[in-house]
Each structure stands twice: as C-alpha cells, then as structure tokens.
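Examining the three-dimensional arrangement
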Amino acid sequence: MNKNEIEQEIYREMAEKLKEIAKMPFDKGLPFLQREAWRLADKYDTDGGNVFNILMTYMNKEKKQ
Amino acid sequence: MNIQRGLALVVSNNRYQHCNPLPSCEKDGADIEKSLRSLGFDVISAQDFMRQDLFNVIGQFLDASDSYSTILLFYSGHGVQIDGENYIVPIDCNPIDNKTIMINTGLVPIHVITEYMNVNPQKTNIVILDACRTSPTFTKDIMQGGLAEIKSGQGTFVSFATAPNRVAIGSSLSSENSVFTGCLLKHIEKPNVKIEDLFKLVRNDVIVQSGGTQNPWESTSLIEDFYFNIMSQDRISEHIYKTIRNRGVASDLIHLSDYYQHTISDIYRIYHKQKSEKPGGIHFSNTAELEAYILHQILELGFEYKYYRWIYKDMPVAMGEFYHDPQVIALEPLPGASINVSFELNEADVSENGCVISGRTNLPTNTQLMIKLQNSNLQYSAQSKAHVQSGIFNSEQFTMNKAPLPSGDYKILISTPIASVQPKEVQLHVGVKGCNLMGPYVSTNIIDGKTVEFQKVITIKFEK
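Position numbers for residues start from 1 in each chain and track the written sequence from start to end. Whichever chain is written first is A, and whichever ligand is written first is 1; the rest continue in order. The predicted nature of this model means local features are confined to residues of pLDDT at least 70 and side-chain atom pairs, given and counted, to a pLDDT of 80 or more, with totals for whole chains, interfaces and linings taken over all residues. Side-chain calculation: all heavy atoms of the structure are included, whereas hydrogens and water are not.

**Observations regarding the overall build of chain B**
Across its full length, chain B carries 12 helices and 24 strands. Whether two residues are in contact is decided by their heavy atoms: any pair within 4.5 Å suffices. Taking the contacts inside chain B whose residues are at least 6 apart along the sequence as the reference set, 70% of them involve residues at least 24 apart. In short, Shrake-Rupley with a 1.4 Å probe defines the accessible areas, and a residue's cover is counted only from the protein chains shown. Accessible area for chain B stands at about 22,400 Å²; split by element, carbon and sulfur atoms hold 49% of it. The helix count covers DSSP runs of H or I at least four residues long, the strand count covers runs of E at least two residues long, and both are numbered beginning at the N terminus.

**Re empty space enclosed by the protein**
Residues and elements named next belong to chain B. Detection works on a 1 Å grid of protein atoms alone, calling trapped sets that fit a 1.4 Å probe cavities and calling open sets with protein on both sides within 12 Å along at least five of seven lines pockets, with lining residues defined by an atom within 4 Å of a point. Grid points are joined across faces, edges and corners, and a volume is the space filled by probe spheres set on the points. Evaluated as defined, the whole model comprises one cavity of 30 Å³ or more. Put simply, the largest cavity is a space of about 60 Å³. Residue lining of the largest cavity: 13 residues in total, with Thr416, Pro417, Gln422, Val430 and Leu437 positioned closest to the centre. Residue polarity is assigned by list, with Asp, Glu, Lys and Arg as charged and Ala, Val, Leu, Ile, Met, Phe, Trp, Tyr, Cys and Pro as nonpolar; anything else, Gly included, falls into the polar class. Split into classes, the residues belonging to the lining of the largest cavity amount to eight nonpolar, four polar and one charged.

**Digging into the sheet that holds strand β19 (residues 380-387) of chain B**
Residue and element names in this part refer to chain B. Paired strands, as defined in this entry, are two strands with at least two bridges between them according to DSSP. The five strands lie next to each other as β19-β18-β21-β24-β23, forming an open sheet whose pairing is antiparallel. Edge positions in the sheet fall to β19 and β23 (442-445), since each has one partner strand and no second. Taking the axes of each pair of neighbouring strands and ignoring which way they run, one obtains an average angle of 25 degrees across the sheet. In this analysis an axis means a line fitted to C-alpha atoms, helices contributing only their contacting stretch, and an angle means the value between N-to-C directions, from 0 to 180 degrees.

**Thoughts on the packing of aromatic side chains**
All names here are of chain B. Aromatic pairs are defined between Phe, Tyr and Trp rings, using the six-membered ring for Trp, whenever the two ring centres lie within 6.5 Å; interplanar angles under 30 degrees are classed as stacked, those over 60 as edge-to-face, and all others as tilted. Inspection of every chain in the model, using the stated rule, returns 17 aromatic pairs over all chains. Between Phe343 and Phe393, the aromatic rings sit 6.1 Å apart at their centres with planes inclined by 80 degrees, giving edge-to-face as the arrangement. Of the two residues, Phe343 is situated in strand β14 (residues 343-345) and Phe393 in strand β20 (residues 392-394); the sequence distance between them amounts to 50 residues. Only protein chains enter the accessibility calculation, which uses a 1.4 Å probe; a residue whose area is less than 20% of its type maximum is buried, one above 50% is exposed, and one in between is partly exposed. Judged by its relative accessible area of 11%, Phe343 is buried. Exposure remark for Phe393: the relative accessible area of 0% places this residue in the buried category. Linked through ring pairs, Phe343, Phe393, Tyr441 and Phe454 together constitute an aromatic cluster.

**Notes on the layout of surface pockets**
By volume, the second largest pocket is sized at about 450 Å³. If you go around the second largest pocket, you meet 25 residues; those closest to its centre are A:Asp47, A:Gly49, B:Tyr271, B:Lys275 and B:Tyr293. Broken down by secondary-structure element, the contributors of at least two residues to the lining of the second largest pocket are α2 (26-43) and α3 (48-64) of chain A together with α7 (233-246), α9 (264-276) and α10 (287-300) of chain B. The residue makeup of the lining of the second largest pocket, split by class, is 11 nonpolar, nine polar and five charged.

**Some details on the pattern of salt bridges**
All names here are of chain B. For salt bridges, the criterion is a side-chain nitrogen of Lys or Arg within 4 Å of an Asp or Glu carboxyl oxygen. All chains considered together, the criterion is met by 26 salt bridges over all chains. Between Asp205 and Lys186 there is a salt bridge, with its nearest N and O atoms 2.9 Å apart. Placement of the pair is Asp205 in helix α6 (residues 195-209) and Lys186 in helix α5 (residues 179-187), with a sequence separation of 19 residues. Under the relative-accessibility criterion, Asp205 is labelled buried at 18%.

**Here we look at the pairing of strand β11 (residues 309-312) of chain B**
All names here are of chain B. In the sheet, strand β10 (residues 304-306) pairs with β11 via three bridges, with the strands oriented antiparallel. The residue of β11 that forms the bridge with Tyr305 is Trp310. Of the strand pairs in this sheet, β11 and strand β12 (residues 315-316) are connected by two bridges, and their pairing is antiparallel. By the bridge assignment, Tyr312 is partnered in β12 with Met315.

**Observations regarding the state of the cysteines**
Count a disulfide wherever a pair of cysteine sulfur atoms falls within 2.5 Å. All chains considered together, the criterion is met by zero disulfides over all chains. For B:Cys93, which is in no disulfide, the shortest distance to another cysteine sulfur is to B:Cys19 and amounts to 6.5 Å.

**A word on the nonpolar core**
Residue and element names in this part refer to chain B. By size, the foremost hydrophobic cluster in this structure holds 37 residues, and its most contacted members are Leu9, Leu54, Phe61 and Leu107. Ranked by the residues each element gives to this core, the list is headed by helix α2 (residues 51-65), at five residues. The contacts of Leu54, once residues within four sequence positions are left out, are Val11, Ala46, Phe49, Ile88, Pro90 and Val108. Residues enter a nonpolar core if they are buried and are Ala, Val, Leu, Ile, Met, Phe, Trp, Tyr or Cys, with the set joined through side-chain atoms within 4.5 Å.

**Focus on the interface of chain B and chain A**
Counting residues at the interface gives 12 residues for chain B and 13 residues for chain A. Two parts placed together each lose some accessible area; with a 1.4 Å probe, that loss summed over both constitutes the buried area. Approximately 1,000 Å² of surface area, both sides summed, lies buried where chain B meets chain A, with 41% of it carried by carbon and sulfur atoms. Three residues, B:Arg245, B:Pro279 and B:Gly280, lead the burial of chain B against chain A; their summed loss comes to 57% of the area buried on that side. Run the count over chain B and chain A and you get four salt bridges. B:Lys275 is paired through a salt bridge with A:Asp47; the nearest N and O atoms lie 3.7 Å apart.

**Details of the confidence of the model for chain B**
Per-residue confidence from the predictor is reported as pLDDT, a score between 0 and 100. For chain B, per-residue confidence averages 86 on the pLDDT scale, and residues scoring 70 or more make up 92% of the total. Of the two predicted TM-score estimates for the complex, the pTM is 0.66 and the ipTM is 0.85.

**Describing the packing of helix α1 (residues 3-21) of chain A against α2(A)**
All names here are of chain A. For the pair α1 and α2, interaxial distance at closest approach is 11 Å and the crossing angle is 160 degrees. Classed by the angle they form, the pair α1 and α2 counts as roughly antiparallel. At the point where α1 passes α2, the crossing takes the right-handed sense. Listed contacts from α2 to Ile10, Glu13, Met14, Lys17, Leu18, Glu20 and Ile21 of α1 are Gly29, Phe32, Leu33, Glu36, Ala37, Arg39, Leu40 and Lys43. Between 65 and 115 degrees an angle is taken as roughly perpendicular, under 35 as roughly parallel, over 145 as roughly antiparallel, and anywhere else as oblique. Handedness of a crossing follows from how the near helix is turned relative to the far one, being left-handed for an anticlockwise turn of less than a right angle and right-handed for a clockwise one.

**Quick look at the sheet that holds β14(B)**
All names here are of chain B. With respect to topology, three strands assemble into an open sheet ordered β14-β17-β20, the strand pairing being antiparallel. Of all strands in the sheet, those bounded by a partner on one side alone are β14 and β20. Averaged over neighbouring strand pairs, the angle between their axes works out to 25 degrees when direction is ignored. As paired strands, β14 and strand β17 (residues 358-361) are joined by three bridges and run antiparallel to one another. Across the sheet, residue Glu344 finds its bridge partner in β17, namely Arg360.

**Some remarks on the pairing of strand β7 (residues 124-130) of chain B**
Residue and element names in this part refer to chain B. The element β7 is extensively covered by neighbouring structure, given that seven of its seven residues are classed as buried. Neither face of β7 is open: one carries Thr124, Ile126, Ile128 and Asp130, the other Asn125, Val127 and Leu129, and all of them are buried. Of the pairings in the sheet, the one linking β7 to strand β8 (residues 156-160) comprises five bridges and is parallel in character. Bridged to Ile128 within β8 is Ser159.

Right, here's the structure in full:
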C-alpha cells in the first residue's frame, strides 16, 4: 500500500470506530479514541498523532464536499 | 574473504592455579564475545585455558584468519613483560626465578599473533589487551608491572587498558567488568564511530572512572578507516523515531544523543522529520514555526535553560543550537492555551465599614491577586489579598485608621505573584512561568516569567 492508500484505510477504520465512540460518554470515549489511534498507528507503522491528523484532514475534506 | 565482519579470538583467564584469580575477567570475556557476535564477528572463545591449549587455539585462530579481512585479539587476564616482550599468563603458569625457563614453560608470547598481523598488513588487525595487572606472585625481579609498548606493524591497531609499564584496575566481583572493558562495552556498538575515536571515548571514560590513575593507550598503523558498527542514516533515523515514539521521555533523548553522538535538538529534529514522513505526517512549511514547536516540545519534556546552559535534573546536557532564543520561546503561549488577560472593575462599594474593590477577570479560578489602593495626596497606601472565584474577585475592606476612606481619587493596582507560587490548578492553566498569559496587562521578566499588572484611577465618594 502506498501512503495515500494507508491514509484512506486508516480513515475508513477510524470512521467506523467513531460511530461506537459517539455513543460513549466523553470520559470513556476520549481514552478509547486515543487507544484506537495508537492501535492503528502500530498496524500501519505511523504515529498516534498522525492518525488524528488523518482523521481531521479527511473529515474536513468530506465536510467541504 | 569471509562475508562476516571479521574473526575474533577472545581469551579470558580467571581461575589461576598459582596466583590470584581475576573474577571480572570471565565476565569481560563473555560480554566482549557477545558484543562482537552482535557486531557480526565470528568468535573463537578461550576461557581459562592452560598453556598448551592456548597455543592450540591460537594456531586454529591463525589458520582461520586467512579467510577474514579483519582479525581481532581480545585478552583479559594476567599479563607480564620480560625484557620488553609481552606475555599472556595461562592459568597453569607457575612463576619461577629463571626467566628463560619461565618464558619457555609458563608463558604465551603475544608476538605469536602480532607477527602474523605484521606479515598481513592488507588486513585490519586489532589487538585489545586488558591485561596490565599486577599479581602478588609476579613481583619477582625478572618481571615488571604492566605491559611493554607493542610497536604495531602496518595495518594493525593495538590498544592497552593502560599506559605502558602501568597497571590497570580490575574488579574483585565476578558480576562486574574491569574498568577498561566496561567502558569499551559501553561504546563499542556506537554506530559510525571510527576505531580511533571509539578508543578516545573509552579513554575519557576510563580516566574519569579511575580518577586519572589509568590511562588507556593505543598504537595504530591502520591504513583504512575501521568502524565496529556501520549503520545507514535511514536505519539511525528509524531507530531514533521508534525509540521516541514508544516512550518519548527526556532520558531516552539523552541516551540517544550519547549513543549516536548527536545533540539532543538534532535527535528531536530527526524524530520529527521521520514522523512527518509517515502516513498522516504533519509538515511545517515554515522553519521558524517548526523550530518553535521543537523547542516547546523539549521544554515540555522537562529540559530547562538556566544560566545560559541546558540542564536536565540539575545535570548539564548537550542540547545544541536552536533557531529561537529558548528564554523567549519558553515564555510564549502554548497553542490554544493563551489567556488574554482582562479586568473589569465594579463601582467601589463604600460604606462606614470601609471600601471593597471588586470586579471581573478571565484569570483562572483560585488565582491569587494582590490589590493595592493608593492616594498620594492623603499619603495613603494599603493592600489586600484576593482570590478569583468563577471570574469574580473581591478585596477585603480598605479603611484609614479603622475609619471609612475619605472621598478622593485613588489609584488601584492589581497584580499577581509569579506563576510558581500560584496554586497548582492555576499553574496548569497559566503554564510554566505564566507563559500562557497575554495582553496589555502582562509584564514579562526573563527570570521570573510573566506576571499581571493592572492599574486604574477611581473616585471614591463617602457619604454618611
């Protein structure tokens, strides 16, 4: 997979998890989101911070579209 | 030539039959062997060998050496010099007064190996001798303490644990390395360090650890550069990235800086560059912005810039240079955390009991304030402490000799003490040294940080 494909895949997986997180109270949802970000970072050899960056960037893109 | 980096003969002698044992030598040999294997050397190990066995293993080593481009001898144990010639002392050596008999029956001359090296200058030949130790039974007239200098032939590097004719420090514990080998093990795996530079690092450490009594010595005639560990920049960058990614604490940065011989700021730059190249990586288009970010991260990790030098837990560290002045950047607000300080005074509450100054501010709850009321015509000056509660503050009653304040114009001065004496929850909001405070009422001092100073003249009218 190239970088772009990895980013799309991370966003797809993260967006799925967001549906679960949306139903959680904030104090449970935030650590869950962080754990999920690092899980994906480990899976795709990147960084937890970068996963959040992908999530924000792609969400903004979708919003604009 | 063999595809391995080289062939090493590691000889370590501990259990001497006729003189004092050297407990640390066993560990020295085992640790060096492990280290050399991890660096890609084939190793022939000889631990606690008798004289004849030692000759046999040296014979095997020299036979096998033909197919290697690098050959290395490491010896840890008793060593002696007789008439300027150095000898390994095997464990069955029984010291006697006649030096000819002693040489021919009890000792193993090091020149057996160095002669082979001299006739093979095309190879990289390395001799490391941690052997310059004295023994109570080796104090007879025929021998001198320490080893003699070996004149290395072409293509040979010889390292002694101490200066010629001086003795080296071992350890009486089998769980510890000798001073020289311990320092060598600390540095030998450092990547891309030339052998000459590596032994300079070892020498510096040994001199410090031995209090200046032991000074490792080298003699070199190597034709080409030799590195024990060669690593590509990509591998170094990835290792730095992985280490900081997984833990990212100040001690890791200090360790990486020492291991790769880079400054801490460069280590962090490498980490950030590597991170930005991963999927979803954040790129800074402006160098000044990136450098400011890196400096903030370094300060958040607990490094401090004090007295014009960088320290961590009161120990100086090799931080390197930054694009920005650390003293200035340390006082810049963290992104998204700035507080633009505002004050709004209520009308003074004047009564027979005195005058109360109150108002609103956006400073965090529990911020300590000092409210000062002055009137130069009346030569009046008084101050009161106040705490911010949900954006509101109230002073105590201001009076003049326990009587109500006379009418007139008064100057109000509201200030905060330095951030470090504010309650913890306030410090979390205002940041280290109050760095998050901003606005016209904030004054900055490089040493104390940011404090708030608000002034206003009000008119107080007291009517009975």
